[in-house]
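Understanding the architecture of this molecule
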Amino acid sequence: MKYLCQRPGRKGWYVRYPVERQHRAQVGRNAIERKAGDTLQEARKAMHQLIADIQQEIAVKVGTADQLTTWKRTFGPPEQLKPSERLLLINEVDLADPTAVTKLDAYLQNARTYQQLFDERVVVEQPRPSTQRSWQNAIKNVVTLTGNEYPHTVTVELARKLRNELLSKVSHGTTRSCISALKGFWSFGIANGYLKENPWQGLTRKLDQAVKHKLPEQDLISEAVTKAFNGNDIRFLIMHYTGCRSSEANGLRYSDVNLEDGTVTFTEWTQEGLVRRLKGGLKDERTVPLHTALWTHLKGLRDIRWGDSTDPIWPNAYKAREESWGAGWSGSFKTKYCFVSHDLRRAVVTKLAVAGVSPFVINAITRQRIPGLSAVVELYVRPSTEDLRAAIQLL
């Protein structure tokens, strides 16, 4: 919202970009405004590109624009170039300079930079800050290798070279994460018509898979459950009896626990500077029945008014920089219980599967993806609350 505003007497939303004081005489104004859209949603989508255009306009006027920006502002879109203008451009470029040739190629192809793709993807997908940083780190590796800011210049050979360099420095798992991030970045570019092919496709196939850790022994889990009841560790108990993620339990509000219906609801929300997101976004929202043992324990906490307030139960579990919940609690979990918090989720999924519970019911309870399940089937197969409650009681 920093650059968005509304103008008195006019409809819609505008981008208002301030001009630095030392450049105002050359630009001729204190700020530049452009209409971004009729609605706030439209304006948010258009904002980043408009700001980039305004920045280019200012750079050209004050003489700080690079050659590529100057071409764009002078000649306009490359598809509108006249033959004489194209020839003029080619004659301006030192063909012995790889950087100059790359910029000319980028202009003629109307190529996007990494930053432009990044900004647009952030607007479209609205990822967590931690996800954005992982994208930026992956892109930094490519820029270091290629020496330019244009993804369309990356070939399969360059992609393979980066993978091999990473493997010489870091683990297979870290390499896989980096390559997967880049593959997703290129897929976004292809889907939006900015890139033609994905050079990262297939480069993770031969990399070692993550090691699957053995579940804790049942006796150890049982001891931990007893300890959690005695210590009133509600987050542990919710994870143990629903199979939710640590972040899902830590981001609950009092209003999400409904003792009258005997349910707990996992949903996304924003309030007073706090942001609660689910790993799978809106499709991970769900309402899960409470196990009798958990319901009885929560009912016995007379000093807590469940369902009355939209305040988070554990506000100190929020980490604003990451927009995440429960990192500190999960970090100390193993010291207290001798296994990691995610083992509770794995144990729930395993126990229900071994008991013969339908994969659709397991998915409805935990949002654990079912291998091979199409999005259409997942959308239309909806087990009843009674089905979910019967499965929860098996835990």
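In what follows, the accompanying structure is described. Note that the structure is predicted; figures quoted are calculated from it, not measured. Chains are numbered independently. Their residues run from 1 in the order of the written sequence. Reporting of local features is limited, given that this is a predicted model, to residues whose pLDDT is at least 70; pairs of side-chain atoms are given and counted only at 80 or more, and all residues count toward the totals for whole chains, interfaces and linings. Values reported for side chains reflect all heavy atoms of the structure, with hydrogen atoms and water molecules removed beforehand.

**Some remarks on helix 16 (residues 359-366)**
The following threshold applies: Each residue is assigned to one of three classes by its accessible area relative to the maximum for its type, calculated with a 1.4 Å probe on protein chains only: buried under 20%, partly exposed between the two thresholds, exposed over 50%. Comment: elements are numbered from the N terminus, with helices defined as DSSP H or I runs of at least four residues and strands as E runs of at least two. Here a polar contact means two N or O atoms within 3.5 Å. Within protein one must be a hydrogen donor candidate and the other an acceptor candidate, and residues neighboring in sequence count only if both atoms are side-chain atoms.
Where burial is concerned, most of helix 16 is hidden: six out of the eight residues are buried. Taken as a whole, helix 16 has its buried residues at V361, I362, N363, A364, I365 and T366. For helix 16, the N-terminal cap is S358; the gap from its side-chain oxygen to the backbone nitrogen of F360 is 3.1 Å. One or two residues past the end of helix 16 sits R367, with phi positive at roughly 60 degrees.

**Some points on the side chain of S341**
Counted only if it meets this: Contact between two residues is taken to exist if any of their heavy atoms lie within 4.5 Å; hydrogens are not considered.
With respect to the helices and strands, the residue S341 is situated in the loop between helix 14 (327-337) and helix 15 (342-354). In this structure S341 touches M239, S246, W329, S330 and F333, once residues within four positions along its chain are discounted.

**Section: the packing of helix 11 (residues 234-242) against helix 13 (residues 292-299)**
When two helices pack together, their arrangement is captured by the angle between the axes and the distance separating the axes. The test is simple: In this analysis an axis means a line fitted to C-alpha atoms, helices contributing only their contacting stretch, and an angle means the value between N-to-C directions, from 0 to 180 degrees. Each angle is binned into one of four classes, with values under 35 degrees roughly parallel, values over 145 roughly antiparallel, values of 65 to 115 roughly perpendicular, and all other values oblique. Crossings are classed by handedness, with left-handed meaning an anticlockwise turn of the near helix from the far one by less than a right angle and right-handed meaning a clockwise turn. Under this grouping Gly is polar, as are all residues other than the nonpolar Ala, Val, Leu, Ile, Met, Phe, Trp, Tyr, Cys and Pro and the charged Asp, Glu, Lys and Arg.
One way to put it is that helix 11 packs onto helix 13 with a least axis distance of 10 Å and a crossing angle of 155 degrees. Considering their axes alone, helix 11 and helix 13 lie roughly antiparallel with respect to each other. Judged by the twist between their axes, the crossing of helix 11 over helix 13 is left-handed. Across the interface between the two elements, I234, L237, I238 and Y241 of helix 11 pack against A293, L294, H297 and L298 of helix 13. A breakdown of the residues in the contact of helix 11 with helix 13 according to their chemical character gives seven nonpolar, one polar and no charged.

**Re the packing of aromatic side chains**
Our working rule: Aromatic pairs are defined between Phe, Tyr and Trp rings, using the six-membered ring for Trp, whenever the two ring centres lie within 6.5 Å; interplanar angles under 30 degrees are classed as stacked, those over 60 as edge-to-face, and all others as tilted. Over a ring means this: the NZ of a Lys or the CZ of an Arg is within 6 Å of the ring centre and within 35 degrees of the ring normal.
One pass over the structure, following the stated rule, counts 14 aromatic pairs. On the numbers, 6.1 Å between centres and 90 degrees between planes, the contact of F118 with W135 is edge-to-face. On the criterion of sequence distance, the pair formed by F118 in helix 6 (residues 114-125) and W135 in helix 7 (residues 129-146) is long-range, its members being 17 residues apart. Clustering of aromatic rings is evident, with ring pairs tying together Y114, F118, W135, F185, W186 and W200. The ring of Y14 carries the charged tip of R7 above its face, separated from the ring centre by 5.1 Å. The ring of W135 carries the charged tip of R121 above its face, separated from the ring centre by 3.9 Å.

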